[in-house]
Amino acid sequence: MTQFSDRVERISISGIRKVFEAAGEDAINLGLGQPDFPAPDHARQAAVEAIEAGEADGYTGNKGLPSLREAIAEKHRRDQGVDLDPDDVIATAGGSEALHIAIEAHVNEGDEVIIPDPGFVSYDALTKLAGGEPVPVPLRDDLTLDPAAVEDAITDDTAAFVVNSPGNPTGAVSPPDDIAEFARIADEHDVLCISDEVYEYTVFEGEHRSPIEFAETDNVVVVNSASKLFSMTGWRLGWVYGSTRRVERMLRVHQYVQACASAPAQFAAEAALSGPQDRIEEMTETFRERRDLVVEGLEDIGLTVPSPGGAFYVMPEVPEGFVDECIDRGVIIVPGEAFGEHGHGYARLSYATDTESLREAIEIMGEAYDAVV
């Protein structure tokens, strides 16, 4: 008899997508997690030239173009001081596939994966698809992940834990001491740390550091992507890197589910990584200005708002009924519980939209707040 796998029956359509589908056409969408900047011109042009020259018509190697992987390795040498061999990089179909193959290659049936709660929706779902058991860990009041809470959650069944800084949905940036602790935990407990660093360049306060900078073993793999770094979400080009033995196992998954990342996207990402980087500073400064506008506006409404140190999200505490009231009035925000049980009582707003729309949304959210309190 035709039936569905137990694994797929454990997951459902993302709560974020459900909110989008319920939105009206004229709504102000503060739920969308993508930058509102165009991709760099030189990245677009590199893809065009590769297509016109016939260089993007066929498969690339499973890991991706050697020149792209060298550009990725050089980026991490420059930014993290990591001596990365390009052979230890896999180009993937966005950061999402990178997360998938990292979890699939390291998690057995019944293994536990410790995830931040609230946290990015894929951590829970991908763990379940691999047959694992998500172990949500609540965040601190400032919405950063506490290394001590992660360490306390480790059991004999723990295969991995996920770190995400700057974070989605919180915008929180973990301090360097915490990042070093995550590396120590991975080393001492012999569990894998999966570090999701796709918002690496969007930091307003503090600094981005990676656990792989501090690790003394190979128990860290890093996920990154051109999507948020260079405003290239639609190109679907990410990557994962780690030790040779870990990359070899992740490659086994990648070659069967994907074969290789899109060739035109690989040429574009290589150009984005190797070419002018002025777009990064422009995006970061714009998001910083918007962050300040949104945080001040939400606080003036009467909400408690942990100020985000990075990414382009803010996660205020909200009263019961606030999210539905905002959506009914034409402002799309995402209920915190879409990101985990401990997200209840919060909402996620993305400020990756123009300032005029943000000002209008804040005014409407003020009316929504008055209507529910």
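Residues numbered from 1 in each chain as written. Predicted model: local features only at pLDDT ≥ 70, side-chain atom pairs only at ≥ 80, totals over all residues. Heavy atoms only, no water.

K.L.:
Hey, could you run me through the pairing of strand β2 (residues 89–92) in this one?
P.N.:
For a regular strand, side-chain orientation follows a simple rule: the groups alternate between the two sheet faces. Side chains of β2 alternate between two faces, with Val-89 and Ala-91 and Ile-90 and Thr-92 buried alike. Inspection of the sheet shows β2 paired to strand β8 (residues 238–241) by four bridges, in the antiparallel sense. By the bridge assignment for β8, Val-89 is matched with Tyr-241. (Buried < 20%, exposed > 50% of the residue type's maximum accessible area, 1.4 Å probe, protein only. Helix = DSSP H or I, 4+ residues; strand = E, 2+ residues; numbered from the N terminus. Pairing = 2+ DSSP bridges.)

K.L.:
Sorry if this is basic, but what is going on with the side chain of Thr-284 here?
P.N.:
Structurally, Thr-284 is set in helix α12 (residues 278–301). What makes Thr-284 buried here is its relative accessible area of 8%.

K.L.:
Teacher, can you tell me more about the nonpolar core here?
P.N.:
In a soluble, globular protein the nonpolar side chains are often hidden away together inside. The biggest cluster of nonpolar side chains holds 60 residues, and the ones touching the most others in it are Leu-68, Ile-114, Phe-161, Phe-230, Met-232, Trp-239 and Tyr-241. With seven residues, the top contributor of residues to this core is helix α11 (residues 263–274). Those residues in contact with Tyr-241, other than ones at most four positions away along the chain, are His-76, Val-82, Leu-84, Asp-88, Val-89, Ile-212, Val-221, Val-222 and Val-247. Counting residues in hydrophobic clusters, the runner-up holds 59 residues, among them Ile-28, Met-250, Val-318 and Ala-347. (Core = buried A, V, L, I, M, F, W, Y, C linked by side-chain atoms within 4.5 Å. Contact = heavy atoms within 4.5 Å.)

K.L.:
It is not clear to me how the environment of Ser-165 should be interpreted in this structure. Could you clarify?
P.N.:
You can see Ser-165 is positioned in the loop between β5 (158–164) and α8 (176–189). A relative accessible area of 4% means that Ser-165 is categorised as buried. Considering only alpha carbons, one finds Ser-165 and Gly-310, 145 residues apart in sequence, at a separation of 8.3 Å. Once you skip the residues sitting within four places of it in the chain, Ser-165 turns out to touch Ala-172, Val-173, Ser-174, Asp-196, Glu-197 and His-208. Only 2.8 Å separates the side chain of Ser-165 from the backbone nitrogen of Ser-174, close enough to count as a polar contact. (Polar contact = N/O pair within 3.5 Å; in protein donor to acceptor, adjacent residues only side chain to side chain.)

K.L.:
Can you help me understand the sheet that holds strand β12 (residues 347–350) in this one?
P.N.:
The pairing of strands in a sheet comes from backbone hydrogen bonds and takes either a parallel or an antiparallel form. Spatial strand order, β9-β12-β11: three strands in an open sheet with antiparallel pairing. This sheet does not close on itself; its edge strands, each paired only once, are β9 (313–314) and β11 (334–335).

K.L.:
What should I look at first to understand the sheet that holds strand β7 (residues 220–225) in this one?
P.N.:
Ordered by their spatial adjacency, seven strands build an open sheet running β2-β8-β7-β6-β5-β3-β4, and the pairing between neighbours is mixed. Bordering the open sheet on either side are β2 and β4 (133–138), each of which pairs with just one other strand. Here the average twist between neighbouring strands, direction ignored, is 20°. One ladder, built from four bridges, connects strand β6 (residues 192–196) with β7; its direction is parallel. By the bridge assignment, Ser-195 is partnered in β7 with Val-222. (Axes fitted to C-alpha atoms, helices over the stretch in contact; angles between N-to-C directions.)

K.L.:
Help me understand α12, please; the structure alone is not making it clear to me.
P.N.:
Each turn of an α-helix holds 3.6 residues, which means side chains three or four residues apart point in the same direction. Taking 1.5 Å per residue, 24 residues should reach 34 Å; α12 reaches 35 Å between its end C-alpha atoms and fits that length. Phi for Gly-302, located one or two positions after α12, is positive at around 125°. (Expected span 1.5 Å × (residues − 1).)

K.L.:
Mind showing me how you'd approach the environment of Asp-178 here?
P.N.:
Positionally, Asp-178 belongs in helix α8. Once you skip the residues sitting within four places of it in the chain, Asp-178 turns out to touch Arg-140, Leu-145 and Pro-147.

K.L.:
How should the packing of helix α5 (residues 94–106) against helix α6 (residues 121–129) be read in this particular structure?
P.N.:
At a closest axis distance of 9 Å, the pairing of α5 and α6 adopts a crossing angle of 40°. Between α5 and α6, the crossing angle belongs to the class labelled oblique. Where α5 crosses over α6, the handedness of that crossing is right-handed. Between α5 and α6, the residues in contact are Ser-96, Leu-99, His-100, Ile-103 and Glu-104 and Tyr-123, Leu-126, Thr-127 and Leu-129, respectively. A per-class count over the contact of α5 with α6 returns five nonpolar, three polar and one charged. (Parallel < 35°, antiparallel > 145°, perpendicular 65-115°, else oblique. Left-handed = near helix turned anticlockwise from the far one by under 90°. Nonpolar A, V, L, I, M, F, W, Y, C, P; charged D, E, K, R; others polar.)

K.L.:
Please explain the pairing of β6 as it appears in this structure.
P.N.:
Counting buried residues along β6, five of its five residues qualify, which places the element largely inside the surrounding structure. Of the two faces of β6, the one lined by Leu-192, Ile-194 and Asp-196 and the one lined by Cys-193 and Ser-195 are each fully buried. As judged from the five bridges shared by β5 and β6, these two strands associate in the parallel manner. Counterpart to Val-163 in the pairing with β6 is Ser-195. Between the parallel pair β5 and β6, the chain is carried across by α8, and the sense of this crossover is right-handed. (Right-handed = clockwise from strand over helix to strand, strands pointing away.)

Functional significance is not addressed by these values, which are geometric in nature.
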